[in-house]
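Listed here are the chains, written in short residue letters.
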Amino acid sequence: MSSYKIRSHEPGFEEDQARIGQEVSKDWAWPFHYTLEELQEIYSERNFDPETQFSCFKGDKMVGFLLVIPRRVGPAMNYVEGMAAYIDPPRVLPGHEEASDLLMKKALTALRTKGVKLAQTRVSTMRPGSIPLMEKWGFTPHKDFPFGYKHYYYYYLDKGPLEGPTSDLLPFDAKRDLEECADGVSFWFKMPKERAKKWILEVDTREDMVSHLVIRKEDELAGYCFAIPHGERKDIIATYYIAAATDDYFTQLITQTVNNAITKNHKYFLVDLMHNLLVFEPVVVALGFEDVATWAIYELHLD
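Values in this document were obtained by computation on a predicted structure and should not be read as measured data.

**Some details on the packing of helix 5 (residues 174-189) against helix 6 (residues 193-204)**
Here's step 1: It is the contact of helix 5 with helix 6, at a shortest axis distance of 8 Å, that shows an interaxial angle of 120°. Regarding the angle of helix 5 to helix 6, the classification is oblique. In the packing of helix 5 onto helix 6, the handedness of the crossing is right-handed. On helix 6, the residues touching A174, L178, E179, C181, A182, D183, V185, S186 and F189 of helix 5 are K193, A196, K197, W199, I200 and L201.
Here's step 2: Class assignment of the residues belonging to the contact of helix 5 with helix 6 gives a composition of 10 nonpolar, one polar and four charged.

This is how it looks when you write it as structure tokens:
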């Protein structure tokens, strides 16, 4: 008999979940986890169902948890509300890997009982065990989002600065650039334009901002990039947003950002390539970046 116990969500569990998520993800190429505030927001949503959210305990200690998030439907979830769900792979403390299977079994049983027809998840080479776990439970790659639909590329900053012209770069100017830049950020992150404007202005005033650059040609925006450190791993910086009309413009934005990061004593520079940014893969490889994480969307039909 297993020494682990699976429990449905109860108020207060989110504090241990936030702690576990931070611990589990700390060594990922891009550590990410749900903060306490984010978990509280998820659990306060109208469609939150505590009967589909599970945590694993050994004795009185929480050692892992799994989130089922109806609102985070994936790109192929053409289902009415309540008929599809996004499963975030279990986040389990080292030494308690058995908990992952127990959590998955409980979650899939609950979803089938609820009449959910489709489950999707995102797996990555960055998340140890996520791929074999999901395949074990019957998940397979989505035909339109197989491995390679999204990549994390690292430039190890101890390689030294990049060489090349950056003469087309301009510092971001809110009066001149905000409207156009907000259009791109709003579209990319699927957020309201006013929220995008607020975020851009906040980035522009941050003391730890690494790059905030634009390229303009014939008074039109032809390139835009802002890069800031990870919220907790300050040795990692990333282009939270980057867009460019040509390979050359993309190269200029990356070159200057890498060199800025070196002067600020960061260790790693991450570029997230997906969707239309995948055309720049040859550019980052030529600049000396290394592929450190590959992603896929997996799915499982539950009926």
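**Some points on the nonpolar core**
Here's step 1: Formed by 29 residues in total, the largest nonpolar core has its most connected members in F250, L253, I254, V258, F269 and F289.
Here's step 2: Among the secondary structure elements, those contributing two or more residues to this core are strand 7 (150-156), strand 9 (211-217), strand 10 (220-229), strand 11 (236-244), helix 7 (247-263), strand 12 (268-274) and helix 8 (281-286).
Here's step 3: By residue number, the principal contributor to this core is helix 7, which donates six residues.
Here's step 4: Among all residues touching L253, those that are not within four sequence positions of it are L169, L213, I215, G223, Y224, C225, I242, A243 and A244.
Here's step 5: V68, A99, V116 and A119 belong to the second-largest nonpolar core, a separate cluster that totals 27 residues.

**Notes on the pairing of strand 13 (residues 290-301)**
Here's step 1: Sheet topology note: the strand 5 (residues 118-124)/strand 13 ladder contains seven bridges and is antiparallel. Pairing of A119 across the sheet is with L300, part of strand 13.
Here's step 2: Strand direction decides the pairing type here: strand 6 (residues 140-141) and strand 13, joined by two bridges, are antiparallel. For P141, the partnering residue across the bridge sits in strand 13 and is Y298.
Here's step 3: Where strand 7 lies against strand 13, five bridges are found, and the strand directions are antiparallel.

**Describing the side chain of T255**
Here's step 1: With respect to the secondary-structure elements, T255 resides in helix 7.
Here's step 2: Side-chain polar atoms of T255 contact the backbone oxygen of T251, separated by 2.8 Å.
Here's step 3: Once residues lying within four places of it in the same chain are set aside, the contact partners of T255 are L162, G164 and T166.

**A short note on helix 2 (residues 36-43)**
Here's step 1: Burial in helix 2 covers these residues: L39, I42 and Y43. Axial view of helix 2: buried residues confined to an arc of 90°, hence all on one face.
Here's step 2: Elements that come into contact with the buried residues of helix 2 comprise helix 1 (13-25) and strand 3 (61-69).

About the thresholds
Within each chain, residues carry numbers counting from 1 in the order of the written sequence. Local features in a predicted model are, by the rule used here, given only for residues with pLDDT of at least 70; side-chain atom pairs are given and counted only at 80 or more, and totals for whole chains, interfaces and linings are based on all residues. Values shown for side chains rest on all heavy atoms present in the structure; no hydrogens or waters enter the calculation. For every element, the axis is a line fit to its C-alpha atoms; helices are fit only across the contacting stretch, and the angle between N-to-C directions ranges from 0 to 180 degrees. Helix and strand assignments come from DSSP, with helices taken as H or I runs of at least 4 residues and strands as E runs of at least 2, each series counted from the N terminus. When an angle is under 35 degrees it counts as roughly parallel; over 145 it counts as roughly antiparallel; between 65 and 115 it counts as roughly perpendicular; any other value is oblique. Each helix crossing is assigned a hand: it is left-handed if the near helix lies turned anticlockwise from the far helix by less than a right angle, otherwise right-handed if that turn is clockwise. Contact definition: two residues touch when any of their heavy atoms are within 4.5 Å. Ten residue types, Ala, Val, Leu, Ile, Met, Phe, Trp, Tyr, Cys and Pro, are classed as nonpolar, four, Asp, Glu, Lys and Arg, as charged, and the remainder, Gly among them, as polar. Throughout this description, the term nonpolar core refers to a set of buried Ala, Val, Leu, Ile, Met, Phe, Trp, Tyr and Cys residues connected via side-chain atoms within 4.5 Å. Accessible area is worked out with a 1.4 Å probe on protein chains only. A residue is then buried under 20% of its type maximum, exposed over 50%, and partly exposed in between. A pair of strands is treated as paired once DSSP finds two or more bridges between them. Counting of polar contacts relies on pairs of N or O atoms within 3.5 Å, with two restrictions inside protein: one atom must be capable of donating a hydrogen and the other of accepting it, and residues adjacent in sequence are counted only when both atoms are side-chain atoms. What the arc describes is the spread of directions from the helix axis to the C-beta atoms.

Read these as spatial facts, not as claims about activity.
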